[in-house]
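This is what each chain is made of:
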Amino acid sequence: MLEDDKQLILTCGWCKKIKNDAAWQTVEEFLNSMGYANITHGMCSECSEKIFQKRVYLESYQNICKAISSSIALDEVLNLIVTNIVRVMNVKACLLRLINKKLRTLDVAASFGLSGDYVNKGAVTFDQSLEDAMSGKPVSIYDVADDKNSIYFHAAKKEGIRSIMSVPLRFKDDIIGIMRMYTAEPRNYSDEDMKFVSAIAEQAAMAIMNAKEFETIVSREKEYLRVFREISKALSSSLNLEEILNMIVRTIPEAIQVKGATIKLIDEKTKRIKLAAAYGLNEDFLIKDPTGKELNIMEALNHLYSQGASLPFLKDKDMNILEELNYKSVFIYDATTDPRVMNKKDIIEEGIKSILSVPILARGKLIGVIKLFTGWLRNFTQEEVDFVTSLAEQCGLAIVNATMYEKQYKEVTYLKTIQEITKLRTKTKDFNEVLNHIVKRLPEIMNTKAATIRLLNRENERLELVAASGLSDEYLNRGSIEFEENIKIALKGEPVAIHDAANDARMIFNKEAQREGIQSILVIPLMLYNNIIGVLRLLTSEPRVFTSDEIDFAMALAEEAAIVIENARLQNKI
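This is a predicted model, so every value here is computed, not measured.

About the thresholds
Residues numbered from 1 in each chain as written. Predicted model: local features only at pLDDT ≥ 70, side-chain atom pairs only at ≥ 80, totals over all residues. Heavy atoms only, no water. Helix = DSSP H or I, 4+ residues; strand = E, 2+ residues; numbered from the N terminus. Buried < 20%, exposed > 50% of the residue type's maximum accessible area, 1.4 Å probe, protein only. Contact = heavy atoms within 4.5 Å. Areas by Shrake-Rupley, 256 points an atom, 1.4 Å probe, with all protein chains shown as cover. Salt bridge = Lys/Arg side-chain N within 4 Å of Asp/Glu carboxyl O. Pairing = 2+ DSSP bridges. Axes fitted to C-alpha atoms, helices over the stretch in contact; angles between N-to-C directions. Expected span 1.5 Å × (residues − 1). Arc of directions from axis to C-beta. Phe/Tyr/Trp six-rings, centres within 6.5 Å; stacked < 30°, edge-to-face > 60°. Lys NZ or Arg CZ within 6 Å of the ring centre and 35° of its normal. pLDDT = per-residue confidence, 0-100.

Asker: An account of the overall build of the chain is needed here, citing residue identities and associated values.
Answerer: A tally of helices and strands in the chain yields 18 helices and 18 strands. Looking at the chain as a whole, 43% of its 574 residues qualify as buried. When contacts within the chain are restricted to residue pairs at least 6 apart in sequence, long-range pairs at least 24 apart make up 58% of them. Counting only carbon and sulfur atoms, one obtains 50% of the accessible surface of the chain, whose full area is about 32,000 Å².

As structure tokens, this is what we get:
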């Protein structure tokens, strides 16, 4: 002690130095100057505990961070956090709850030291600890004994819980959950305790978000792989094009979370685009969607482009068409305002926000387009675009395979049909039976609405209806057709294809055809040894461009039919 205990000693409140005369001295220097030469250093119990605690916290923090950084499985990360918190903080238990924003609940994500009954008591609604966290409070401490009216009081008492510390899990500016520590007795937490658990909570939040992101990527990759396997399996086991395309439009929205999808293909015969498959969209919207108009423009531009023509007439809305001409995907972020979208009113009514269009190619040729529609504004990642592009390639492959199969199937079917008609020569002598068989069988083979046979009456040179299928009596009795230009051409031995029966000038009964629902007609002469004995007509309910293969088949069948008809007619006379 100083000799004069009433002497005023000036001490710095910050560095704890003592002013001796004009100089500032450390405690050791001051005591030496006062004659206390034998000075040694030690550590009080409080400082010792603090330093030891800091070291333990630092080591534990480093170990937890290291373990978290080496783990990417979300469950593993969460369990690692709660077990380490219990060990380092010497508490009874630890539990992590993550926020479910839709239900406004705190759902259990991981726990350690608690019974199954307590953990599984159900989702906890937003409580005071979360409200504290939302208001910026770093830590919330709750004494169970202070709130005996709480709905969880009895469950906590049974579990042996007295106090609960809640620390928010913050990721950037968002609170994603709460980390809770439970003790069996009331406990005062030091500042070092608070700093440590806050630091761990910060690491936990980052680890959770990173693990969630990783699991999202992995699950998405797994889903993409599953879809590819499913479609590849369908390709290898089925040649049914409709089945495969419907599978693709159904699985894409499930895989990348969009509202709906369509596949539209260019019809080689009509050069128009037709809906081949759709999912998640209303029928009214599908009917009004102007993709066909866009792709008709594409076909015209493609022709001009191949001829080296300049395209100064293109407007901004045509830029997506140019992109598709170069076989690129087209992305529209906001379809309700984008100038490239032609049907904004329908888009708004359908609740569509963003659109991704990916071209379907087959052997380097554009044959259609896959379109994805979202119900909210969103960007597509390159990974998602690549995934849809790969599915578009699968579409192209499916179409090529199905087309080849269909062609071979038709050829075999056509051959069998000709053989079938030929057998009628010896199989039956009933004239009417032969005629009715032909007009019923042909629509099945040629996929038409109806068929008629008219034979030439040599006495008056008039065509008489002798057999028909698929047409009303009203249409069949509409009047004589000998004066129609298409009939005159057919009676000279030339086949005639009518694409638009309602407006074709080579017909007289256009309005009657429209009322009957007839769109296209193929007129084939029935020839017997270079003599015309009548005409065969095939009528469709959809616009159709008959291919050369179809016309050749119909001509060959008509020749065989003419022989069978003539034989049956002769047998009838005999």
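Asker: Outline the pattern of salt bridges, supporting the account with residue identities and numerical values.
Answerer: All told, the structure shown has eight salt bridges when counted by the stated rule. One salt bridge connects R537 with E484, and the closest N-O pair in it is separated by 3.1 Å. Of this pair, R537 sits in strand β18 (residues 531-540) while E484 sits in the loop between α15 (473-476) and α16 (485-490), placing them 53 residues apart in sequence. Exposure remark for R537: the relative accessible area of 1% places this residue in the buried category.

Asker: Could you give me a rundown of the sheet that holds strand β12 (residues 355-362), with the residues and numbers involved?
Answerer: One open sheet holds the five strands; their spatial order is β10-β9-β13-β12-β11, and the pairing between them is antiparallel. Looking at which strands have only one partner, the edges of the open sheet turn out to be β10 (273-279) and β11 (330-332). Here the strands of the sheet are splayed against their neighbours by 20° on average, with no regard to which way each runs. The pairing of strand β9 (residues 260-266) with β10 spans six bridges and is classified as antiparallel. Bridge assignment links I266 to a residue of β10, and that residue is I273. Contacting β9, β10 and β13 (365-373), helix α8 (residues 241-256) runs over the sheet at an angle of about 50° to β10.

Asker: Explain unusual backbone geometry residue by residue, including any values.
Answerer: One non-glycine residue, N90, lies in the positive phi region at around 55°. As for its placement among the helices and strands, N90 is situated in the loop between α3 (74-89) and β3 (93-100). We classify N90 as exposed; its relative accessible area is 64%. Even without being glycine, N447 reaches a positive phi, approximately 55°.

Asker: Tell me what's going on with helix α14 (residues 431-446), and back it up with residues and numbers.
Answerer: Between its first and last C-alpha atoms α14 spans 23 Å; for 16 residues at 1.5 Å apiece the expected length is 22 Å, and the two agree. When we look at burial in α14, the residues that qualify are F431, V434, L435, I438, V439, L442, P443, I445 and M446. Burial along α14 is one-sided: seen end-on, the buried residues are contained in an arc of 165°. Within α14, the exposed residues directed more than 90 degrees away from the buried face are K440 and E444. Trailing α14 by a residue or two, N447 shows a phi angle of about 55°, which is positive.

Asker: How would you explain the environment of A398 if you had to name every residue and give the values?
Answerer: Relative to the helices and strands, A398 resides in helix α13 (residues 382-427). Look at A398 and you get buried, because its relative accessible area is 3%. Considering only alpha carbons, one finds A398 and E242, 156 residues apart in sequence, at a separation of 9.8 Å.

Asker: So what's going on with the pairing of β9? Residues and values would help.
Answerer: With respect to burial, β9 is a largely interior element, seven of its seven residues being buried. Burial along β9 is two-sided: the residues G260, T262, K264 and I266 and A261, I263 and L265 are all buried. Pairing of β9 with β13, which is carried by six bridges, proceeds in the antiparallel orientation. By the bridge assignment for β13, L265 is matched with G368.

Asker: Describe the packing of aromatic side chains, listing the residues and the values that go with them.
Answerer: Within this structure, the stated rule accounts for four aromatic pairs. Aromatic side chains Y118 and Y182 sit 6.0 Å apart centroid to centroid with 85° between the ring planes, which places their arrangement in the edge-to-face category. Highlighted residues: Y118 in helix α4 (residues 116-119) and Y182 in strand β8 (residues 174-183), separated in sequence by 64 residues. Y182 sits in the buried class, given a relative accessible area of 2%. The interplanar angle of 85° and the centroid separation of 5.8 Å between the aromatic rings of F285 and F373 together place this pair among those described as edge-to-face. Within this pair, whereas F285 is found in helix α9 (residues 283-288), its partner F373 is found in strand β13, the two being separated by 88 residues in sequence. Relative accessible area serves as the criterion here: at 1%, F373 is assigned to the buried category. One residue, R378, lies across the ring of F380, its end atom 4.4 Å from the ring centre.

Asker: Please provide a residue-by-residue account of the sheet that holds β18, values included.
Answerer: The strands that make up a sheet pair up through hydrogen bonds in the backbone, lying either parallel or antiparallel. Judged by pairing direction, the sheet is antiparallel, and its five strands sit side by side in the order β15-β14-β18-β17-β16 without closing on themselves. Two strands bound the open sheet, and with one partner strand each, they are β15 (462-469) and β16 (496-498). Within the sheet, the average angular offset between the axes of one strand and its neighbour, ignoring direction, is 20°.

Asker: So, the pairing of β12: which residues are in play, and what are the values?
Answerer: By the criterion of burial, β12 is predominantly enclosed, with seven of the eight residues buried. As defined by bridge partners, β11 adjoins β12 across three bridges and the pair is classed as antiparallel. Looking at β12, one finds that V330 is bridged to S357. Inspection of the sheet shows β12 paired to β13 by eight bridges, in the antiparallel sense. When the bridges of β13 are listed, L361 appears paired with L366.

Asker: Just give me the short version of the confidence of the model for the chain, but keep the residues and values in it.
Answerer: Here the chain averages 76 in pLDDT, and 71% of its residues register 70 or above. A low-confidence stretch, residues 291-326 stays under pLDDT 50, and its non-local contacts, those more than four residues away or across chains, total 50 contacts.

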